[in-house]
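The lines below spell out each chain.
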Amino acid sequence: MSILITGGAGYIGSHTCAELLNSGEDIVALDNFSNSSPDVIRRVKEISGRDFPLYAVDMLHEQGLRRVFEREDIEAVIHFAGYKAVGESVRMPLEYYNNNVAGSLTLFGVMRDYGCKKLVFSSSATVYGHSKEAPFREDTPLSAINPYGATKLMIEDILRDLYTSAPEWRISLLRYFNPIGAHPSGELGEEPSGIPNNLFPYISRVAQGKLERLYVFGDDYETPDGTCVRDYIHVCDLAEGHLAALRHIRGNTGAEAVNLGTGNGYSVFEALRAFENASGLTIPYEVTVRRQGDSAVMYADTTKAKALLGWSASRGLDEMCRDQWKYAGRNGDRL
Ligand code: NAD
Ligand code: UFG
């Protein structure tokens, strides 16, 4: 039987495909390439030395999804497909609710029809909203502060209701903190189109000489150096977390939310210095006003991930920066 990876050509999906293949799992990838390219799948096959079916299907297209379940023997789904840009979600809420929520509903309905009731879902630490209680535990109160966050919260609620209605479901709701870095081969990484919104993709573009300087959004927060603190996690650690979640749901029913973070918080200035050390470059920056909607401090309580999944992140910020720069340095034309 195979694991269906929706959004398999995306940043986290492609690393998870590689991780599953290397651990001996059979996979099937599905993507509509709205934010990725089929060449990523070619690179996953090259790195892993294994072949697997790829479906160029939009998850909103129910017949297309049914065709996949008809042709393939799907044991479980790891569901990454969706839109993920916070600012864009504020400008285009209907597109976000449609793609993320309606798309997920279509997928869950088809899974149910084919008796496939194992699911690992990409949630986000954004569901903790503006909670001030860092480190965030899974029982921290949840709220949505933008349409993107609302889609994650809604899908979590839908999945909890689904489990209540049919307790044979095995669902893992993985709340990622800030994934960065790239595959150590230098072949897989994040490829945002246009000017990046997130810190590390932006720093990478400055390092490549494609953007002039980093704008640091505020140095007047109540943090040790005044800049925001985040829990950056290597994308390969995150991929390993998905394998651990898959193994967990094979043995357990439920709809459990689990944080995937390192439990360590780093400020923007610390992140910048770590990247400079890894690359040997000086990154010009300028402090500017706060970005609307940013929380001062976000990092994970990782107790539940360790206890439930037997997983914890092992890679530090230096390794994240090294792999981020290796990818950006080798793939300048792609970014
Ligand atoms: P990504 O954009 O690189 O990957 C998502 C993939 O899904 C893309 O390849 C895209 O083409 C595909 N896709 C989108 N809509 C689709 C549809 N309707 N049908 C089929 N394919 C579709 O994003 P990512 O960083 O790999 O994120 C993966 C998941 O993790 C997303 O659900 C995202 O919300 C969540 N997440 C990401 C972060 C982060 O910082 N990267 C943080 C928390 C949660
Ligand atoms: N930052 C800058 N300059 C930039 C970009 C970011 O100073 O050009 C700062 C931000 O103010 C923030 C930190 O760098 O303090 C990290 O910002 P990111 O945009 O990289 O990440 P966020 O924590 O804002 O958001 C990310 C994802 C969201 C997700 C959230 C929680 O983008 O989708 O983590 O998981 F919801």
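Anything mentioned here points back to the structure above.
Residues numbered from 1 in each chain as written. Chains lettered and ligands numbered in written order. Predicted model: local features only at pLDDT ≥ 70, side-chain atom pairs only at ≥ 80, totals over all residues. Heavy atoms only, no water.

*Asks:* Help me understand the overall build of the chain in this model?
*Replies:* On a plain count of helices and strands, the chain comes out with 11 helices and 13 strands. Here the chain has a C-alpha radius of gyration of 19 Å; the compact-globule value for 335 residues is 20 Å, and the two agree. If one aligns the C-alpha atoms of the chain with their principal axes, the spans along those axes are about 55 × 45 × 40 Å. In the chain, which comprises 335 residues, the proportion classed as buried is 55%. Restricting to contacts in the chain with at least 6 residues of sequence separation, those with at least 24 account for 80%. About 14100 Å² of surface is accessible on the chain, with carbon and sulfur atoms providing 47% of the total. Averaging the positions of the 34 positive and the 44 negative side-chain charges in the chain gives two centres separated by 2 Å. (Helix = DSSP H or I, 4+ residues; strand = E, 2+ residues; numbered from the N terminus. Rg over C-alpha atoms; globule rule 2.2 N^0.38 Å. Buried < 20%, exposed > 50% of the residue type's maximum accessible area, 1.4 Å probe, protein only. Contact = heavy atoms within 4.5 Å. Areas by Shrake-Rupley, 256 points an atom, 1.4 Å probe, with all protein chains shown as cover. Lys, Arg positive; Asp, Glu negative; His and termini not counted. Charge placed at Lys NZ, Arg CZ, Asp CG, Glu CD.)

*Asks:* What's the story with helix α2 (residues 38–48) in this structure? I'm lost.
*Replies:* Residues spaced three or four apart along an α-helix face the same direction, because each turn holds 3.6 residues. Along α2, the positions that sit buried rather than exposed are V40, I41, R43, V44 and S48. The buried side chains of α2 occupy one side of the element, clustering within an arc of 160° when seen end-on. Contacts from the buried residues of α2 go to α1 (11–22), β2 (27–31), β3 (54–56) and α11 (317–330). Backbone geometry just after α2 places G49 at a positive phi near 65°. (Arc of directions from axis to C-beta.)

*Asks:* Can you walk me through the site of ligand 2 in this structure?
*Replies:* N198, L199, Y215, R230 and D294 are the nearest of the 22 residues found near ligand 2. The side chain of S124 places a nitrogen or oxygen atom 3.4 Å from an oxygen atom of ligand 2. In the environment of ligand 2, an oxygen atom lies 2.7 Å from a nitrogen or oxygen atom belonging to the side chain of R230. When ligand 2 is considered free in solution it has 680 Å² of accessible area, and contact with the protein chains removes 90% of it. Looking at which element gives the most residues to the shell around ligand 2, the answer is strand β8 (residues 214–217), with four residues. Classifying every residue of the shell around ligand 2 gives 13 nonpolar, five polar and four charged. (Near = heavy atom within 4 Å. Polar contact = N/O pair within 3.5 Å; in protein donor to acceptor, adjacent residues only side chain to side chain. Nonpolar A, V, L, I, M, F, W, Y, C, P; charged D, E, K, R; others polar.)

*Asks:* What is the right way to look at the packing of aromatic side chains in this model?
*Replies:* The description of two aromatic rings rests on the distance between their centres and on the angle between their planes. All told, the structure shown has eight aromatic pairs when counted by the stated rule. A ring pair is formed by F269 and Y285, whose centres lie 5.5 Å apart and whose planes are at 55°; its orientation type is tilted. Here F269, found in helix α9 (residues 268–279), pairs with Y285, found in strand β13 (residues 285–288); they are 16 residues apart in sequence, far enough to count as distant. Note that K45 overlies the ring of F52, its terminal NZ or CZ placed 5.0 Å from the centroid. One residue, R290, lies across the ring of Y221, its end atom 4.0 Å from the ring centre. (Phe/Tyr/Trp six-rings, centres within 6.5 Å; stacked < 30°, edge-to-face > 60°. Lys NZ or Arg CZ within 6 Å of the ring centre and 35° of its normal.)

*Asks:* What am I meant to see in the pattern of salt bridges here?
*Replies:* Taken as a whole, this structure holds 28 salt bridges when the rule is applied. For D323, the salt bridge goes to R322, with nearest N and O atoms at 3.1 Å. Here R322 falls in the partly exposed class, since its relative accessible area comes to 44%. The network of salt bridges with shared partners includes D237, E240, R315, E319, R322 and D323. (Salt bridge = Lys/Arg side-chain N within 4 Å of Asp/Glu carboxyl O.)

*Asks:* Looking at this structure, how should I read the environment of E270?
*Replies:* Residue placement: E270 occurs in helix α9. E270 gets classed as partly exposed once you look at its relative accessible area, which sits at 35%. A C-alpha to C-alpha distance of 9.2 Å links E270 and T227, two positions 43 residues apart in sequence. If near-sequence neighbours (up to four positions away) are discounted, E270 is found in contact with D225, G265 and L317.

*Asks:* Sorry, what's going on with the pairing of strand β6 (residues 170–176) here?
*Replies:* If a strand is regular, its side chains alternate between the two faces of the sheet. Most of β6 sits out of view: six of its seven residues are buried. Across seven bridges, strand β5 (residues 118–124) lies against β6 in parallel orientation. Its bridge partner being in β6, V120 is matched across the sheet by S172. Once the chain exits β5 it traverses helix α6 (residues 147–165) before rejoining the sheet at β6, and the crossover so formed is right-handed. (Pairing = 2+ DSSP bridges. Right-handed = clockwise from strand over helix to strand, strands pointing away.)

*Asks:* Is there a simple way to think about the sheet that holds β5 in this case?
*Replies:* Sheets are built from strands paired through backbone hydrogen bonds, the pairs being either parallel or antiparallel. Spatially, the seven strands line up as an open sheet ordered β3-β2-β1-β4-β5-β6-β11, and their pairing is parallel. Of all the strands in the sheet, the pair left with one neighbour each is β3 and β11 (254–260). Adjacent strand axes in the sheet meet at a mean angle of 15° when their direction is disregarded. Examined bridge by bridge, β6 and β11 share seven bridges and lie parallel to one another. Residue pairing across strands places L173 opposite A257, the latter belonging to β11. Across the face of the sheet, α6 comes into contact with β5, β6 and β11 while running at roughly 150° to β5. Sheet strands in contact with helix α8 (residues 235–251) are β1 (2–6), β4 (74–79), β5, β6 and β11, and its direction is about 160° off that of β6. (Axes fitted to C-alpha atoms, helices over the stretch in contact; angles between N-to-C directions.)

*Asks:* Sorry, what's going on with the site of ligand 1 here?
*Replies:* The full set close to ligand 1 counts 27 residues, and D31, N35, S36, N99 and Y148 are the nearest of them. G10 is positioned with one of its backbone polar atoms (N or O) 3.3 Å from an oxygen atom of ligand 1. Interatomic distance of 3.0 Å between a side-chain N/O atom of D58 and a nitrogen atom of ligand 1. Bound to the protein, ligand 1 loses 95% of the 820 Å² it would expose on its own. Those elements giving two or more residues to the shell around ligand 1 turn out to be α1, β2, β5 and α6. It is β5 that contributes the most residues to the shell around ligand 1, three residues altogether.

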